[in-house]
Amino acid sequence: MDNYDPKEAEPRWQRYWAEHGIFRFDEDSKAEVYSIDTPPPTVSGKMHLGHAFSYAQLDFIARYKRMRGFNVFYPFGTDDNGLATDRLVEKLKGVKSSRMDRKDYVSLVLNTLQEIRPRVIADWKRIGMSCDFTINYSTINEHCQRISQRSFIELYKIGRAYRKDAPTMWCPACETAISQVELKDAELDSFFNDVKFNVDGKDLIIATTRPELIPACVAIVFNPEDKRYKALLGKKAKAPLFGFEVSIIEDSRVDMEKGTGIVMCCTFGDLTDMEWQKAFNLPIKEALGKDGKMTQMAGKYAGLKIKEARKAIIEDLEKSNLLINKRPIKHTVNVHERCETEIEILKTKQWFIKYLDLREDMLDWGAKLNWYPAHMKVRYDNWVKGLQWDWLISRQRFYGVPFPVWYCNKCGEVILAEEKNLPIDPLQDKPKHPCKCGSNDFTPEKDVQDTWATSSLTPQLSTELFKNKPIYSKLFPMSLRPQAHDIITFWLFNTTVKSNLHTGHNPWKDVIISGHAQDPHGKKMSKSKGNIIEPQVMIDKFSADALRFWAAGSKLGDDLPFQEKDLVTGHKTIIKLWNASKFALMHLKDYKHQPAQLTIIDSWLISKLNGIIKEATESFDNYEYIRTKMLTENFFWQDFCDNYLEFVKDRLYNPQNYTSEEVHSAQHTIYHALLNILKLFSPLMPHITEEIFQIYYADKENAKSVHVSGWPIFVPELYDKRSEFIGEQLVALTAAVRKFKSTSNLALNKPLKLLAIECDDEMRKEFELVMKDLKAISKAEEIMFGKGSIEVNQKIKISIVA
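Please read all numbers here as calculations on a predicted model, not as lab measurements. Numbers given for residues are sequential positions, taken from 1 along each chain in its written order. Only residues with pLDDT of at least 70 get local features here, since the model is predicted, and only at 80 or more are side-chain atom pairs given and counted; chain-wide, interface and lining totals rely on the full set of residues. Excluded from the side-chain calculations are hydrogens and water; all other atoms, namely the structure's heavy atoms, are used.

Undergrad: I'm lost on the side chain of Ser 619 in this one. Help?
TA: For helices the rule is a DSSP run of H or I covering at least 4 residues; for strands it is a run of E covering at least 2, with both sets numbered from the N terminus onward. Structurally, the position occupied by Ser 619 is in helix H16 (residues 600-621). For each residue, the accessible area found with a 1.4 Å probe, counting protein chains only, is set against the maximum for its type, and the residue is called buried under 20%, exposed over 50%, and partly exposed in between. The exposure class assigned to Ser 619 is buried, which follows from its relative accessible area of 4%.

Undergrad: Sorry, what's going on with the sheet that holds strand S13 (residues 370-372) here?
TA: Two pairing modes exist for strands in a sheet, parallel and antiparallel, and in both the strands are linked by backbone hydrogen bonds. Strands pair, by our definition, only if DSSP identifies at least two bridges between them. Across the sheet, 3 strands lie side by side as S13-S21-S20; this open sheet has parallel pairing. Looking along the sheet, the strands with just one partner apiece sit at the ends: S13 and strand S20 (478-484). Within the sheet, the average angular offset between the axes of one strand and its neighbour, ignoring direction, is 20°. Against the sheet, helix H12 (residues 488-503) makes contact with S13, S20 and strand S21 (508-514), and its axis sits at roughly 160° relative to S20, the strand it touches most. Axes, fitted as lines to C-alpha atoms, cover a helix only where it is in contact. Angles between the N-to-C directions of the axes lie from 0 to 180 degrees. What makes two residues a contact is simply this: any of their non-hydrogen atoms within 4.5 Å.

Undergrad: In this structure, what is going on with the pairing of strand S27 (residues 797-801)? I would like to understand it.
TA: In regular strands, side chains alternate between the two faces of the sheet. As judged from the 5 bridges shared by strand S24 (residues 754-758) and S27, these two strands associate in the antiparallel manner. Counterpart to Leu 754 in the pairing with S27 is Val 801. As paired strands, strand S26 (residues 790-791) and S27 are joined by 2 bridges and run antiparallel to one another. The residue of S27 that forms the bridge with Ile 790 is Ile 798.

Undergrad: Is there a simple way to think about the pattern of salt bridges in this case?
TA: Between side chains of opposite charge, a pair can form when the charged atoms approach closely. When a carboxyl oxygen of Asp or Glu lies within 4 Å of a side-chain nitrogen of Lys or Arg, that pair is called a salt bridge. Summed over the entire model, instances satisfying the criterion amount to 50 salt bridges. Measuring nitrogen to oxygen at the nearest pair gives 3.4 Å for the salt bridge that ties Glu 27 to Lys 469. Within this pair, whereas Glu 27 is found in the loop between helix H1 (6-19) and strand S1 (33-35), its partner Lys 469 is found in the loop between helix H11 (458-463) and S20, the two being separated by 442 residues in sequence. Looking at Glu 27, the relative accessible area reads 30%, which means it is partly exposed. One salt bridge connects Glu 90 with Arg 87, and the closest N-O pair in it is separated by 3.6 Å. Note that Glu 90 and Arg 87 are positioned in helix H3 (residues 83-93) at a spacing of 3 residues, about one turn of the helix. When salt bridges with common partners are traced through the structure, they connect Arg 150, Glu 154, Glu 464 and Lys 467 into a single cluster.

Undergrad: Explanation requested: the nonpolar core in the structure shown.
TA: The nonpolar side chains of a soluble globular protein tend to be buried, and buried together. Residues belong to one nonpolar core when they are buried, are Ala, Val, Leu, Ile, Met, Phe, Trp, Tyr or Cys, and are joined through side-chain atoms within 4.5 Å. Among the nonpolar cores identified, the biggest contains 136 residues, and Trp 550, Phe 640, Tyr 644, Leu 755, Ile 757 and Ile 798 are the most heavily contacted of them. With 12 residues, the top contributor of residues to this core is helix H17 (residues 625-653). Val 33, Ile 471, Ile 488 and Ile 513 belong to the second largest nonpolar core, which has 54 residues in total.

Undergrad: Can you walk me through H12 in this structure?
TA: Think of an α-helix as turning once every 3.6 residues; residues three or four places apart then point the same way. Taken across its 16 residues, H12 has 14 buried, putting it largely inside the fold. Just beyond H12, the residue with positive phi is Gly 504, at close to 85°.

Here's what the structure looks like:
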């Protein structure tokens, strides 16, 4: 065994796994299936550190389950029907999607994805992902479009999908409607502008941050408990600059402490405006257009962008002496999470999925899932309780999964495509039959479905690749959904909803929620902050196994600041594992695979390892890979390397001083201890463990890979309380001897003239059983029982003559 080079070894083993189908899902196997709803990354960019962090944690679980004998269904799809992919293809191919035939553009996208997909997936393979990469899907291909369109048709037929001309949240920059889940809060600088309205010739001061919405004002509202404005109820107020009059009404939703305590109701400034419009049957005035510019209703301000109009109107209010105060403030507003543009509320015709009536059911669905960690369920519950809108699923984009819908121009009937003809594009295809009114004159739906309407079907997208095969019934519901905590309200919630609406049950049994990888200071990484750490660079500098070792140092759900020293520790562990294995395997060349009568020290190690196996298995079963890492790491470094290998060195180097049974016992213990250490480490550090396993164990264990060689098994009969006790006393005594040598500036291998041990008679009898080991490890020429001056523990004192 030469030195280990991860740069050469890791890609070599990745090729070996692929060529030999080590992680291939076996649809003919009788083994219990463990199915994973693998998160499909977008192909619009390369893998970032957060990907490496969370996907590595998922892969720990997949590798463990495979070693436990499960037939692991672990597909790898890509999410390609969103805006990010659209922009990427436009940039790469120098085209504009909206200027192409949609069918031709989708074909171009799929061809482009075929070109770039291998490069993108290479990053995931490089960190050691053990997916079956032959099971794959793209959320824009025909298979996925068919499932997504079928989902829409089913929801329409059961009365859940509906189209309505109603106030909707709108992103002026992206020029599309968005759903509640796509919002995020942003604290922005603004101004409270105290503006003069006129009531019966008197000034009425109203504070507003949105003076550009004055032309859309349809009422003035105050709180019924506010005595300042009680006399104004039912009167008319004249709007500044525009001169029209609106009614003054009262409603308890007005905050008397905010601004001047009396507000404009504009269509639409916020959700409360929507509620007032509906409750009081107020007119709808549209002063903002879909392009983020003022409409003709804004008069001379028409055509200006929102912020331009705001500035111009404020200037005119000042010139007309209609602005009496302007106070700078910071306030929280809703922005589109993708582009961070402030959202508007516009009246548009959109498709929705009705689900606000299912809040109690949604909470029940969430309660039936097994959450790891359990506290993450709170995010799901809070989201459900805070829902205010049905799910808006239509987008005013050209690229995406089309709605399989036409509209009859004669009677307005919604015409659905037939399931057998899916997928269809209504811009290209025509209905197969006339409308029930007899007309053949149709208008196609131009909008596309929101990307989450398809991504919420990932369990079906992957498992239905096997729909017509016997194994399909074992795949769904799936065993596991892994994902990060920031998309619980996006992906997890929507998938849960879709599954229950379609099948009546949850899409998975367990959900594991990962945290985020942060910069060394605990801050979110972003290009704008210049604090991005690329996993590819870290793999080049250290190795994929070292990066995985770092990812294993965080519990599920916890954010983890990136510290390069953690990769250094991982690298040291890899080198230590290699060197310890070189030493161990060097002494197994003549090992005969026969049962052994273990010495007490050998029994100590095997018994302790057996306990580690029990705890590590229980930890992995609860998705606590971090505990398995800690247990294995401590056992390997302290018990196996620092102590046991030192205890048996003399037996291995000087076998003539021991019986053949004692030598065989040491070899037997090393063989099984190292094998199980490799297996325990293998889900976390798959490359180095495979390298060592293949050098010595593969033939002897009759296994193609450590990753399919079986997880270590806890054997109750191997527990030996007495040997563990004696072993721990020997470890404690050895530590005291080492400390003495260290403080005395003596080399650890320097012989001692005398080691005197003070202990009771019972402990003396135990030490006499391991006298050979004690003499070998202490390098003492003579060991006697007598008075001790150095306290080892409550039972033992020692004296040393160097």
